[in-house]
Amino acid sequence: MAEWKRIGLGGGCHWCTEGVFVSLPGVKRVDQGWIGSAPPYEAPSEAVIVHFDPGRISLEALIDVHLQTHSATRAHIFRGKYRSAVYYYSEEERRESERILSALGRALDEPLLTKVLPLRVFTFSLPEHRDYYRSDPERPFCRRYITPKLDRLRADRPDLFSALKQ
């Protein structure tokens, strides 16, 4: 039996973030909502908690996907609502996330704005907003924002999609 792990990720609309991560093999569940951290980042920001099997998909792969599917290097006026962050549950996850971000950030043209923060508070989004992409991928929002992200990801990282999702 797999030992499931979890990590919080925020950076863009939680519909988009959820839609991307529920599509990855090795991801068991994605909880959509708002995450608050330690001051000065205690105000809730749209985010997800990804429950995953590290034997099928690594934390590094998840963070890489996260960086590829939101504006991780661009400051914009919606950073309060869409904080670019990896939210950890343990000091080990904090150290590993910082190491991964440092390594992945070296390959980018601009510095990462993504923060590594403790996950202090999680509030689920309303039930009618959860599983937004899978419940109707033909919605205009999904076709305009989520499907193109998944198409780019499948083209750039076919290795992530080679295993069948359980």
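For the structure, see preceding data.
Here we summarise the structure given alongside this text. Only a predicted model underlies this, so the values are computations on that prediction, with no experimental measurement involved.

1. Concerning the overall build of the protein chain
Now for step 1: When helices and strands are tallied, the protein chain shows five helices and six strands.
Now for step 2: Ordered by position from the N terminus, the helices and strands of the protein chain form the series β-α-β-β-α-β-α-β-β-α-α.
Now for step 3: The C-alpha atoms of the protein chain give a radius of gyration of 15 Å, which matches the 15 Å a tight globule of 166 residues would have.
Now for step 4: Each principal axis of the C-alpha distribution contributes one length, and for the protein chain these read about 40 × 35 × 30 Å.
Now for step 5: Residues counted as buried form 49% of the 166 residues belonging to the protein chain.

2. Side note on the nonpolar core
Now for step 1: Counting 37 residues, the largest nonpolar core has Ile7, Phe21, Leu24, Val50, Phe52, Leu62 and Ile63 as the members making the most contacts within it.
Now for step 2: If you tally residues by element for this core, the top one is helix H2 (residues 59-68), at six residues.
Now for step 3: Other than its neighbours up to four places away in sequence, Phe21 contacts Leu9, Val27, Val30, Val50, Leu62, Val65 and His66.
Now for step 4: Core analysis: the next-biggest nonpolar cluster, separate from the first, contains seven residues, Ile49, Ala85, Leu117 and Leu119 among them.

3. Topic: the environment of Ser23
Now for step 1: Inspection of the secondary structure puts Ser23 in the loop between helix H1 (14-21) and strand S2 (27-36).
Now for step 2: Residue Ser23 is classed as buried on the basis of its relative accessible area, which comes to 18%.
Now for step 3: Sequence-wise, Ser23 and Phe161 are 138 residues apart; in three dimensions their C-alpha atoms are separated by 8.5 Å.
Now for step 4: If near-sequence neighbours (up to four positions away) are discounted, Ser23 is found in contact with Tyr133, Leu150 and Phe161.
Now for step 5: Among the polar contacts listed, one links the side chain of Ser23 to the backbone oxygen of Gly19, at a separation of 2.8 Å.

4. Structural notes on the sheet that holds strand S3 (residues 45-52)
Now for step 1: Pairing within the open sheet is mixed, and its six strands lie in the order S5-S4-S1-S3-S2-S6. With one partner strand each, in any of the chains shown, strand S5 (115-118) and strand S6 (121-124) form the two edges of the open sheet. For this sheet the average axis-to-axis angle between neighbouring strands, irrespective of direction, equals 35 degrees.
Now for step 2: Note: strand S4 (residues 85-88) against S5, four bridges, orientation parallel. Counterpart to Val86 in the pairing with S5 is Val116.
Now for step 3: Contacts between helix H3 (residues 91-105) and the sheet are confined to strand S1 (5-10), S4 and S5, with S4 contributing the most and set at about 155 degrees to the helix.

5. Looking at the state of the cysteines
Now for step 1: All chains considered together, the criterion is met by zero disulfides.
Now for step 2: Here Cys13 stays free of any disulfide, with the sulfur of Cys16 as its closest cysteine sulfur at 4.5 Å.
Now for step 3: With relative accessibility at 16%, the residue Cys13 sits in the buried group.
Now for step 4: A relative accessible area of 6% means that Cys16 is categorised as buried.

6. Some details on the pattern of salt bridges
Now for step 1: The full count for this structure, using the stated rule, is seven salt bridges.
Now for step 2: For Arg29, the salt bridge is made with Asp31, and the minimal N-O distance between the two is 2.9 Å.
Now for step 3: Owing to a relative accessible area of 39%, Arg29 belongs among the partly exposed residues under this scheme.
Now for step 4: As a salt-bridge pair, Glu98 and Arg94 come within 2.7 Å of each other at their nearest N and O atoms. Here the residue Glu98 and the residue Arg94 both occupy positions in helix H3, the gap between them amounting to four residues, near one helical turn.
Now for step 5: Counted as one network, the salt bridges with shared partners bring together Asp64, Arg157 and Asp159.

Rules used throughout
Residues numbered from 1 in each chain as written. Predicted model: local features only at pLDDT ≥ 70, side-chain atom pairs only at ≥ 80, totals over all residues. Heavy atoms only, no water. Helix = DSSP H or I, 4+ residues; strand = E, 2+ residues; numbered from the N terminus. Rg over C-alpha atoms; globule rule 2.2 N^0.38 Å. Buried < 20%, exposed > 50% of the residue type's maximum accessible area, 1.4 Å probe, protein only. Core = buried A, V, L, I, M, F, W, Y, C linked by side-chain atoms within 4.5 Å. Contact = heavy atoms within 4.5 Å. Polar contact = N/O pair within 3.5 Å; in protein donor to acceptor, adjacent residues only side chain to side chain. Pairing = 2+ DSSP bridges. Axes fitted to C-alpha atoms, helices over the stretch in contact; angles between N-to-C directions. Disulfide = S-S within 2.5 Å. Salt bridge = Lys/Arg side-chain N within 4 Å of Asp/Glu carboxyl O.

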